[in-house]
Number of protein chains: 2
Amino acid sequence: MPTEGLTATELTELAQQLRVDSVRATDAAGSGHATSSMSAAEIGAVLLANHLRYDFDRPDHPGNDHLILSKGHASPLLYSLYRAAGAITDEELLTFRSRGSRLEGHPTPRLPWVDVATGSLGQGLPVGVGVALAGRRLERVPSRVYVISGDSEMAEGSVWEAVEHAAGEKLDNLTLIVDVNRLGQRGPTRHGRDLSAYARRLKAFGWHTVEVDGHDTEALDAAFKEARATEGRPTAVLASTVKGKGVHEVADQEGKHGKPLPDATAAIAELGGVRAIHVDVAKPTAARTLHAVPSGHLTLPRYEPTASGGERVATRDAFGEALAALGSARGDVVVLDGEVGDSTRAEYFAKEHPDRYFECYIAEQLLVAAGVGMQVRGRVPYVATFAAFLTRAHDFLRMAAISRADLNVVGSHAGVAIGEDGPSQMGLEDLAMMRAVHGSTVLCPCDANQTAKLLAATADLKGIRYLRTSRGKSDVLYGPDEEFPVGGSKVLRRGEHDRLTLVAAGTTVPEALAAADLLAADGIEVRVVDLYSVKPVDAQTLWTAAEETGCLVSVEDHHPEGGLGDAVAEAFADGRPAPRLVRLAVTGMPGSATPAEQLYGAGIDAESVATAVRLLVEKAVVR
Amino acid sequence: MPTEGLTATELTELAQQLRVDSVRATDAAGSGHATSSMSAAEIGAVLLANHLRYDFDRPDHPGNDHLILSKGHASPLLYSLYRAAGAITDEELLTFRSRGSRLEGHPTPRLPWVDVATGSLGQGLPVGVGVALAGRRLERVPSRVYVISGDSEMAEGSVWEAVEHAAGEKLDNLTLIVDVNRLGQRGPTRHGRDLSAYARRLKAFGWHTVEVDGHDTEALDAAFKEARATEGRPTAVLASTVKGKGVHEVADQEGKHGKPLPDATAAIAELGGVRAIHVDVAKPTAARTLHAVPSGHLTLPRYEPTASGGERVATRDAFGEALAALGSARGDVVVLDGEVGDSTRAEYFAKEHPDRYFECYIAEQLLVAAGVGMQVRGRVPYVATFAAFLTRAHDFLRMAAISRADLNVVGSHAGVAIGEDGPSQMGLEDLAMMRAVHGSTVLCPCDANQTAKLLAATADLKGIRYLRTSRGKSDVLYGPDEEFPVGGSKVLRRGEHDRLTLVAAGTTVPEALAAADLLAADGIEVRVVDLYSVKPVDAQTLWTAAEETGCLVSVEDHHPEGGLGDAVAEAFADGRPAPRLVRLAVTGMPGSATPAEQLYGAGIDAESVATAVRLLVEKAVVR
């Protein structure tokens, strides 16, 4: 028998209420995942009534536990729990999946009690690891993280990245509950209801596991107690359940996934009818506020322009130095590394702020997810790896936007300019990927001072902000006092007789400048714009350049699709008269070569740009 | 002692040669991963001399074993093996990483003996699973698959997707060798040289494991024999090694990753000098050709246009039916599902061709990787899941292009039009992602007959080809005999007085047509182009439309970045006079709502499109 909260009988009644409410919500909506909710009803009931510590009136209370429904399609269960807790009304419950309702098909943080959006499977545990890591290593609050996962999603590699990391970090404040209901969307899972298959795997990674009948409220209650009492490692409660449990017409049957019950009225009757059990959810005992974060004045690194005798500096180096400085100024900044901190220079931060540096090893999905988890707990995370390898975490970045997460993402080793390592290491798709993330900011600095300033700016932006850095040293073009507002640009060359405008960003800015010099020697004046803010883009400057020069030539170290050239074109997508546009980008498949040879091979070095412009002039494409 | 091939002493000498050659190649290049190659020298030597069956003169021999170097940065070792086998000359070895050389920083199939590009870690095993699956389930040839992996990359979730799948499929023709050299790029790995940590995990998933001293040639030889003799499950040989083994100055030290040795001459002397050992690599015993694939006449499904009384059909349904038909016509077609075959309709193929249908469960990285592996063995794979979840496999798609893979990718549930499920399930970034994949083809059909025809066309294309399908039923617009060449488009409305051109694809085509009807009722004629081939794009038709109507309005169920609108803009990126462009796309964050409400909410339904056009006319933006 539970020693606190509801009795086993009361819990069973509550579970039936959750089932009934899941049936009602999906029936009202005419769609939704009733059976997937029903299998986890006892899990939800026992958690809510006897274990969760949560103040629904204060979702930002630092002592709150975190409940992440990784199997987001079982949202009817979650919303039924909210109804039982009195957080939403019965009326709102029945708005499920309707236009304007906060109760979306899959949970999102439009509801204040939802930390992160779920619905792309295998993401709840990795994010939960981030939340638990922040709680354990940064705050030491007693709050716990509960992740309810489906069995199907245990096939996702991201789950095992998280399993490994949680054990490695000894996250005993993390409990994973796997609702082993045997049936995926299209049929049986690989392991059916064999709890030991999951237990063996999790134990091998260092987890504590408890195998229970997922419809036995006493067993579940004991399992959650055991999880809370287990020290030094995370616990997985493996619960054997029946999909569609409680309604004979659908229970344990294939073909019943993702739809309301065929006869809701009969089902509700079979489940004992509508109930109105209210659960007084225990509030967190600790009234602590978020760990106070020291902050001070930001002193960014300053670089002497190369033209004035300063050294050449790689933007990745400037990023690392500025990040370390930002860390000194702001105690809420945390950095997560994908085992390439020596290359991205994130390790500069580690040297000064080791307590706020998180090594995630080569596991980019976990890397991004842990960052998302950390911002749930009020941190300002920077996750950094090679731009190319961020593609590994694309789905997590996409979902982070749906989670309304505030997350900084840094991709180094942009483009063919990295040189000999070859295409597998080159970020040539990252701008396309990051621009298409909803509400993102995409910044592409070309020199050290610009990198430092833009890095500092990212800390206060909302949403997903991306900073793209380069591997090789380059000239410091700007003075250390120059400002670079997000959404701005810099016109680096402007003349009375500009024949066209070169638009560049990052590595291609010095190439465009050198091309302008070459062309000037031929008597061809061109404008040069440093479009460091790729999203949002400085449309006004592009419009002016279009009016005054008639032709824009974008030069980018990226594939032609989705990058700088498209950002330029989009500035004219409101129906205004568009200028002539020419794009220079990486169209071929690079091999190994020196950085200079790569830029030449791709046709984006100064000589190639100048040649392209001369051709445009000869063909009278430009005025 | 080895009972066949080289003796232990000879193997040790060969290993030293491989080390020396790795030192020489990286020294000549001035970059590259010498120490990562040196740790695996005995592994390579024993494999090449005593176990691999490979005809270097016939890399397409179906009896060949497959050697996949997942730790692609250790390419010097691979190239040194090729030199020992006589496949490349000593002269070519020293072209490593230079411009034009086939010996790239990370291996690619520019070398005929390289099946797939590696260098993004954690991809070798998943691809190897695909190769082994084809060998086992389709061909039953005795060929084996060897994957040499680093220890750092065992943190990638994709590895564990593959570990799970290989055990589930009982792939005893697959051997994983983990070079446990303790040091990642930036420092020690999580498990150091603790072989048991890896063994525990792999065993829990059902693998056979052998732990060996990775510099003991006899132990390695015995381990590979044991792997070959193990039935019913894959084997992992866990080899404890020393990074930089053999050269005191670098051995087992941090900070020596990814660079040539400081003193190559001294290192070569310490390793016993340059050698010229030649290995006669055993040729495959079986002279079988690839499993003959029956083929016949393709009879695509035919759909009666809705205007003639035919039913409305979802493009995903047409895809499933056409895919099943394609499978009947071509025995080389295989289909891989990410546990959503009932939703994507890939299961229609499964019902008719169960032997060529591969359930990969919810593991999208493995899904794509296994497809890549299958095309290595001459199959024509179709991998299918929700468009949104393909983002999970972005890095694998990127690498597949570098692998010169011929792979079909199908993403269903495109856009907000899916309705109530909400944003986590909506493909709103897939066009941006797939367009930016090098050499890709991107097709976005709007009706059933078009879907069937385009699906059939994909089978004979090269590179990565993407087909985007929709969830909801829609009108059959075209007759079953209409042709849809890749790179083409259809002008669906054209008049003398077209004020502008609506450019749509997929779900937005019927909306654009309905908008044209609404506008026609107001006396506003507009052209409508169905731009089903998003890449390559039918530039000529867009140019003509621009000339004749002056303004193009793209309408897409996708974020504004990287999709249809950008494809339209890119058609004018050669400097020609550009038309006015207006983009209608999904700019907000959708919630739950009906499909019609979603399209309305995003401003891409017929009414919204008509309203936008009326506004353009009123503001005299268009003529």
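A quick note: this is a predicted structure, and the numbers were derived from the prediction, not measured.

Looking only at helices and strands, one finds 22 helices and 19 strands in chain A. Its C-alpha radius of gyration of 27 Å places chain A within 12% of the 25 Å reference for a compact globule of 623 residues. With the principal axes as the frame, chain A shows a C-alpha extent of 90 × 50 × 40 Å. Burial analysis of chain A (623 residues in total) assigns 70% to the buried set. Accessible surface for chain A amounts to roughly 18400 Å². Of this, 49% is attributable to carbon and sulfur atoms.

As a further point, take the packing of aromatic side chains. Within the structure shown, the criterion is met by 25 aromatic pairs over all chains. For the ring pair A:Tyr79 and A:Tyr82, a centre distance of 6.4 Å and an interplane angle of 40 degrees mean the geometry is tilted. With A:Tyr79 and A:Tyr82 both in helix α4 (residues 75-84) and three residues apart, the pair spans about one turn of that helix. For the residue pair A:Tyr79 and A:Tyr82, the accessibility class agrees, reading buried in each case. Here the aromatic residues A:Tyr54, A:Phe56, A:Tyr79, A:Tyr82, A:Phe96 and A:Trp113 are joined through ring pairs into a cluster of three or more. Over the face of the ring belonging to A:Phe205 we find B:Arg201, whose NZ or CZ atom lies 4.7 Å from the ring centre.

Copies of the same chain, two in number, are related to each other by a rotation about an axis and a translation along it. Superposing chain A onto chain B takes a rotation of 180 degrees plus a shift of 0.0 Å along the axis, which leaves an RMSD of 0.0 Å. Between the two chains, the operation in question is that of a two-fold axis. No C-alpha of chain A approaches the rotation axis more nearly than that of A:Gly157, which lies at 1.8 Å. Of the interface residues in chain A, 100% have counterparts in chain B that sit at the interface too, so the contact is made through matching surfaces.

This part covers a negative patch on the surface. Together, A:Asp27, A:Glu249, A:Asp263 and A:Glu270 line one region of the surface with negative charge. If you trace the backbone, A:Glu270 turns up in helix α10 (residues 264-270).

All names here are of chain B. One open sheet accounts for seven strands, arranged β8-β7-β9-β10-β12-β11-β17; its pairing is mixed. If you trace the sheet from one side to the other, it starts and ends with β8 (357-359) and β17 (533-535), each paired once. On average, each strand axis in the sheet is tilted by 20 degrees relative to the strand beside it, whichever way the strands run. The pairing of strand β7 (residues 333-337) with β8 spans three bridges and is parallel. For Val 335, the partnering residue across the bridge sits in β8 and is Tyr 357. The strands touched by helix α14 (residues 364-376) are β7, β8, β9 (380-386) and β10 (407-412); relative to β9, the strand with the most contacts, the crossing angle is about 170 degrees.

All names here are of chain B. Within strand β5 (residues 235-240), six of the six residues are buried, which leaves the element mostly enclosed by the surrounding structure. Side chains Thr 235, Val 237 and Ala 239 of β5 all project onto a buried face; the interleaved residues Ala 236, Leu 238 and Ser 240 project onto the opposite face, where all are buried too. The sheet contact formed by strand β3 (residues 174-180) and β5 spans six bridges and is parallel. Within the sheet, the bridge partner assigned to Leu 176 lies in β5 and is Ala 236. As paired elements, strand β4 (residues 208-213) and β5 share six bridges and run parallel to each other. Bridge pairing links Val 210 to Val 237 in β5. The parallel pair β4 and β5 is bridged by helix α9 (residues 217-229), and the resulting crossover is right-handed.

This part is about the side chain of A:Arg144. Along the polypeptide, A:Arg144 turns up in the loop between α6 (124-139) and β2 (145-150). A:Asp172 provides the closest opposite charge to the buried, salt-bridge-free A:Arg144, at an N-O distance of 5.8 Å.

Turning to the interface of chain A and chain B, a few remarks are in order. Accessible area lost upon the coming together of the parts serves often as the stated size of an interface. Chain A puts 104 residues into the contact, and the matching count from chain B is 104 residues. Of all residues in chain A, A:Arg186, A:Arg190 and A:Arg392 bury the most surface against chain B, accounting for 10% of the area lost on that side. With a closest N to O distance of 2.9 Å, A:Glu164 and B:Arg201 form a salt bridge. Linking chain A with chain B are 66 residue pairs in polar contact (both at pLDDT 80 or more). The class makeup of the residues in the side of chain A that touches chain B is 35 nonpolar, 35 polar and 34 charged.

With that settled, the discussion passes to the environment of A:Arg19. All names here are of chain A. Tracing the backbone shows Arg 19 in helix α1 (residues 8-29). Of the residues examined, Arg 19 reaches a relative accessible area of 1% and is grouped as buried. Contacts of Arg 19, omitting those with residues within four sequence positions, involve Met 38, Ala 41, Glu 42, His 215, Lys 245 and Leu 271. A distance of 3.4 Å separates polar atoms of two side chains, one belonging to Arg 19 and the other to His 215.

Residues and elements named next belong to chain A. Interhelical geometry of α6 versus helix α7 (residues 157-168) gives an angle of 25 degrees and a closest axis separation of 8 Å. One finds that α6 runs roughly parallel with respect to α7. Relative to α7, the crossing made by α6 is left-handed. Contacts between α6 and α7 involve Leu 125, Pro 126, Val 129 and Leu 133 from the first element and Ser 158, Val 159, Ala 162, Val 163, His 165 and Ala 166 from the second. Grouping the constituent residues of the contact of α6 with α7 by class yields eight nonpolar, two polar and no charged.

Here the focus is the sheet that holds strand β14 (residues 490-493) of chain A. Residue and element names in this part refer to chain A. As summarised here, the arrangement of the five strands in space is β14-β16-β15-β18-β19, forming an open sheet in which the pairing is mixed. Strands at the two margins of the open sheet, each flanked by one partner only, are β14 and β19 (580-584). Direction aside, neighbouring strands of the sheet carry axes that sit 25 degrees apart on average.

A few words on the packing of helix α3 (residues 41-51) of chain B against helix α4 (residues 75-84) of chain B. All names here are of chain B. Running from N to C, α3 and α4 point in directions that differ by 35 degrees, and their axes come no closer than 10 Å. You can see that α3 and α4 cross each other, and the crossing is right-handed. In contact with Ala 41, Gly 44, Ala 45 and Leu 48 of α3, α4 contributes Leu 77, Leu 81 and Ala 84. Split by residue class, the contact of α3 with α4 holds six nonpolar, one polar and no charged.

When a protein is soluble and globular, its nonpolar side chains tend to lie buried together. A:Leu174, A:Trp207, B:Leu174 and B:Trp207 are the most contacted members of the largest nonpolar core, which has 163 residues in total. Discounting residues that sit within four places of it in the chain, B:Leu174 has contacts with B:Leu125, B:Gly128, B:Val129, B:Ala132, B:Arg144, B:Val145, B:Val147, B:Ala166, B:Trp207, B:Pro234 and B:Thr235.

This part is about the pattern of salt bridges. Pairing of side chains with opposite charge becomes possible as their charged atoms draw close. Inspection of every chain in the model, using the stated rule, returns 92 salt bridges over all chains. With its nearest N and O atoms 3.6 Å apart, the salt bridge here joins B:Arg583 to A:Glu570. Here B:Arg583 is found in strand β19 (residues 580-584), whereas its partner A:Glu570 is found in helix α20 (residues 564-570) on a different chain. Among the salt bridges present, the one from B:Arg527 reaches B:Asp498, with a minimum N-O distance of 3.0 Å. Separated by 29 residues along the polypeptide, B:Arg527 in strand β16 (residues 527-530) and B:Asp498 in the loop between β14 (490-493) and β15 (501-504) bring together distant segments of the chain. Its relative accessible area of 3% is what places B:Arg527 among the buried residues. Among the charged side chains, a salt-bridge network with shared partners connects A:Asp21, A:Arg24, A:Arg83 and A:Asp90.

It is worth spelling out the pairing of strand β12 (residues 464-468) of chain A at this point. All names here are of chain A. The element β12 is extensively covered by neighbouring structure, given that five of its five residues are classed as buried. Where burial is concerned, the two faces of β12 agree: the one with Ile 464, Tyr 466 and Arg 468 and the one with Arg 465 and Leu 467 are both buried. Where strand β10 (residues 407-412) lies against β12, five bridges are found, and the strand directions are parallel. Looking across to β12, one finds that Gly 411 is bridged to Arg 468. Across three bridges, the pairing between strand β11 (residues 441-443) and β12 is parallel. From the neighbouring strand, Leu 443 faces β12, where its bridge partner is Leu 467. You can see the chain leave β11, run along helix α17 (residues 448-458) and come back into β12, and the turn it takes is right-handed.

Conventions adopted
- Residues numbered from 1 in each chain as written.
- Chains lettered and ligands numbered in written order.
- Predicted model: local features only at pLDDT ≥ 70, side-chain atom pairs only at ≥ 80, totals over all residues.
- Heavy atoms only, no water.
- Helix = DSSP H or I, 4+ residues; strand = E, 2+ residues; numbered from the N terminus.
- Rg over C-alpha atoms; globule rule 2.2 N^0.38 Å.
- Buried < 20%, exposed > 50% of the residue type's maximum accessible area, 1.4 Å probe, protein only.
- Areas by Shrake-Rupley, 256 points an atom, 1.4 Å probe, with all protein chains shown as cover.
- Phe/Tyr/Trp six-rings, centres within 6.5 Å; stacked < 30°, edge-to-face > 60°.
- Lys NZ or Arg CZ within 6 Å of the ring centre and 35° of its normal.
- Least-squares fit on C-alpha atoms with pLDDT ≥ 70 in both.
- Contact = heavy atoms within 4.5 Å.
- Patch = residues over 30% accessible without salt bridge, like charges linked within 9 Å, V, L, I, M, F, W, Y side chains within 5 Å.
- Salt bridge = Lys/Arg side-chain N within 4 Å of Asp/Glu carboxyl O.
- Lys, Arg positive; Asp, Glu negative; His and termini not counted.
- Charge placed at Lys NZ, Arg CZ, Asp CG, Glu CD.
- Pairing = 2+ DSSP bridges.
- Axes fitted to C-alpha atoms, helices over the stretch in contact; angles between N-to-C directions.
- Right-handed = clockwise from strand over helix to strand, strands pointing away.
- Buried area = accessible area lost by both parts, 1.4 Å probe.
- Polar contact = N/O pair within 3.5 Å; in protein donor to acceptor, adjacent residues only side chain to side chain.
- Nonpolar A, V, L, I, M, F, W, Y, C, P; charged D, E, K, R; others polar.
- Parallel < 35°, antiparallel > 145°, perpendicular 65-115°, else oblique.
- Left-handed = near helix turned anticlockwise from the far one by under 90°.
- Core = buried A, V, L, I, M, F, W, Y, C linked by side-chain atoms within 4.5 Å.

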